[in-house]
Amino acid sequence: MPTLDEIRTAADQLHGRIHRTPMLSSSALDAQFGAELALKAELFQKTGSFKVRGLLTKLLQLTPEERARGVVTVSAGNAAGAVAWAARDAGIPATVVMATTAVPAKVEAARGYGARIELVDGDLLAAYDEIRRERDLTGVHPFDDEQVITGHGSLGLELLEDRPDLDTVLVPVGGGGLISGVALAVKLLKPTIRVIGIEPEQADVVSRSLAAGQPQRLPTARSIADGLAAPICGTRNFPIIQQYVDDVVRVGEDTLLAATRLVMSRTKLALEPAAAAPFAALLEGSIQLNGATGVVISGGNLDVAKLNL
């Protein structure tokens with residue numbers, strides 16, 4: 001499990017390579033939800049999402065031999081762009097395994113950064129493992145990796161540096177990479193802070209893992225919030241979530257869409273449904289807020305067609 005010093009070292013390594021994203025506010029959202037919300041706008045991050053924090057951290061730690069072999073990852077979209085960009089920045093050849101059903105804009109974004117894209121049907125993780133072995137590539141898991149978690153912890157540091165008064169942090173949840181990094185960082189700095197994760201009802205692998213007491217795998221995970229539709233809970237993420245996350249709540253598909261439209265209309269931020277998950281939980285009334293609340297708007301590249309705008 002990463003230490004606070006390791007998270008701080010990762011943040012120092014990322015400084016100047018990625019953006020320090022702003023903390024925004026919305027009086028309209030504050031009034032609607034009866035709380036003071038501090039919005040961490042990771043949609044303004046390099047490649048449009050938080051993913052570059054952990055994935056660039058991982059790539060910076062590779063050995064010369066691992067770099068020379070090239071890297072491969074598997075992604076629904078946002079990690080694809082992040083690995084492709086980070087690999088280009090580090091001068092490393094990159095391959096990305098994506099589903100044939102992936103959002104076209106996310107496929108083209110990763111390809112535009114110079115990655116080789118492999119579109120596959122069926123089990124993405126199995127295809128990723130096969131390509132990694134056959135081509136002798138260096139595997140980079142999008143979330144189940146200690147260095148990736150450490151890099152994501154930099155977001156937690158920024159939250160409390162900008163708003164040390166936060167009492168609660170709301171974080172979208174997919175396979176557990178973002179929330180494990182953020183929770184670890186903020187809890188080590190401020191143990192009294194509440195950390196609450198939000199995941200889609202149709203892709204609730206972290207909730208199921210917590211209930212079972214061990215990481216689970218879903219046969220399918222499909223959601224309008226495709227950035228959160230991970231079929232597995234990471235084995236390295238799970239113990240951190242168990243220890244440092246206070247609660248994980250589920251939200252419905254209709255509410256995810258309603259939350260996306262709400263935040264877009266009130267803030268003019270072009271966020272995708274995955275990033276709107278915390279607001280979906282607030283709309284459903286499944287989270288009670290006390291004091292200042294940090295909301296991680298995780299980012300992602302919006303597929304406008306899904307919102308029927």
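Scroll up to find the structure.
Rules behind the numbers
- In every chain, residue numbers begin from 1 and rise along the written sequence.
- Totals for whole chains, interfaces and linings use all residues, but because this is a predicted model, local features are given only for residues with pLDDT of at least 70 and pairs of side-chain atoms are given and counted only at 80 or more.
- Only hydrogens and water are set aside when side-chain values are computed; all heavy atoms of the structure are taken into account.
- Only DSSP runs of H or I with at least four residues qualify as helices, and only runs of E with at least two residues qualify as strands; both kinds are numbered from the N terminus onward.
- Both definitions apply: the radius of gyration is a C-alpha atom measure, and the globule rule equals 2.2 Å times residues to the power 0.38.
- Remark: exposure states derive from per-residue accessible area (1.4 Å probe, protein chains only) relative to the maximum for the residue type, with buried under 20%, exposed over 50%, and partly exposed in between.
- By the convention used here, residues are in contact when the closest approach between their heavy atoms is within 4.5 Å.
- In these tables, accessible area is a Shrake-Rupley quantity obtained with a 1.4 Å probe, and a residue counts as shielded only by the protein chains included in the view.
- By construction, the arc corresponds to the directions joining the helix axis to the C-beta atoms.
- The working definition used for a salt bridge is a side-chain nitrogen of Lys or Arg within 4 Å of a carboxyl oxygen of Asp or Glu.
- Angles run from 0 to 180 degrees between N-to-C directions of axes, and those axes are lines fitted to C-alpha atoms, restricted for helices to the stretch in contact.
- Working rule for handedness: look at the near helix, and if it is turned counterclockwise from the far one by less than a right angle, call the crossing left-handed; if clockwise, right-handed.
- Side-chain classes follow a simple rule in which Ala, Val, Leu, Ile, Met, Phe, Trp, Tyr, Cys and Pro form the nonpolar group, Asp, Glu, Lys and Arg form the charged group, and the remainder, Gly included, forms the polar group.
- The criterion for strand pairing is that DSSP finds at least two bridges linking the strands in question.

Our next topic: the overall build of the protein chain. A count of helices and strands for the protein chain gives 14 helices and 10 strands. Relative to the globule expectation of 19 Å for 309 residues, the C-alpha radius of gyration of the protein chain, 18 Å, shows essentially globular dimensions. The principal-axis extent of the C-alpha atoms belonging to the protein chain is close to 55 × 45 × 40 Å. Counting the 309 residues in the protein chain, one finds 61% classified as buried. Once local pairs closer than 6 in sequence are excluded, the contacts in the protein chain between residues at least 24 apart make up 73%. For the protein chain, the accessible area works out to roughly 12000 Å², and carbon and sulfur atoms hold 47% of it.

Take the environment of L282 next. In this structure, L282 sits in helix α13 (residues 277–284). Classification of L282 as buried rests on a relative accessible area of 9%. Sequence separation between L282 and I193 is 89 residues, and the spatial gap between their C-alpha atoms is 18 Å. With sequence-adjacent residues up to four places away left out, L282 is seen in contact with F33, L37, L170, I287 and L289.

Turning our attention to helix α1 (residues 4–14). Along α1, the residues classified as buried are L4, I7, A10 and L14. Each buried residue of α1 lies within a common arc of 120° when the element is viewed along its axis, so the set occupies one face. For α1, the exposed residues set more than 90 degrees away from the buried face come down to D5 and D12. Among the residues trailing α1, G16 stands out with phi positive, at a value near 85°.

What follows deals with the pattern of salt bridges. Taken as a whole and judged by the stated rule, the model has 22 salt bridges. Residue R20 is joined to E161 by a salt bridge in which the shortest nitrogen-to-oxygen separation is 2.9 Å. Highlighted residues: R20 in the loop between α1 and β1 (23–24) and E161 in helix α8 (residues 146–162), separated in sequence by 141 residues. The class for R20 is partly exposed, based on a relative accessible area of 46%. Here R250 and D204 are joined by a salt bridge, their closest N and O atoms 2.9 Å apart. Residue R250 is found in strand β9 (residues 247–251), and its partner D204 is found in the loop between β8 (194–200) and α10 (205–212); the two are separated by 46 residues along the sequence. The class for D204 is buried, based on a relative accessible area of 6%. The network of salt bridges with common partners includes K40, E42, R53 and E158.

A word on the packing of α1 against helix α9 (residues 177–189). Relative to each other, α1 and α9 sit at 120°, their axes nearing to 10 Å. Of the two elements, α1 crosses α9, and the hand of that crossing is left-handed. Across from L4, I7 and R8 in α1, the residues of α9 making contact are L184, A185, L188 and L189. Tallied by class, residues from the contact of α1 with α9 come to 6 nonpolar, no polar and 1 charged.

Our next topic: the environment of I297. On the secondary structure map, I297 appears in strand β10 (residues 292–297). Sequence-wise, I297 and D136 are 161 residues apart; in three dimensions their C-alpha atoms are separated by 36 Å. Beyond its immediate chain neighbours, meaning those up to four positions away, I297 contacts L39, K40, A41, E42, L43, L269, L271, A275 and F279.

Two residues of an α-helix separated by three or four positions point the same way, owing to the 3.6 residues in each turn. Of the positions making up helix α6 (residues 104–112), those classed as buried are K106, V107 and A110. For α6, the angular spread of the buried residues around the axis is 105°, confining them to a single face. Exposed and facing more than 90 degrees away from the buried side of α6 are P104 and G112. Where α6 is buried, its residues touch α5 (78–90), β4 (94–99) and β5 (116–120). Positive backbone phi, at 105°, marks G114, one or two positions downstream of α6.

A word on the sheet that holds β1. If you trace the 6 strands from one edge of the open sheet to the other, you get β1-β2-β10-β7-β8-β9, paired in mixed fashion. The sheet is open, and its two borders are formed by β1 and β9, each paired with just one other strand. Bridge count for β1 against strand β2 (residues 36–41) is 2 bridges, and the pairing is antiparallel. By the bridge assignment, L24 is partnered in β2 with L39. Relative to β2, α8 is tilted by about 140°, and along the sheet it contacts β1, β2, β7 (168–172) and β10.

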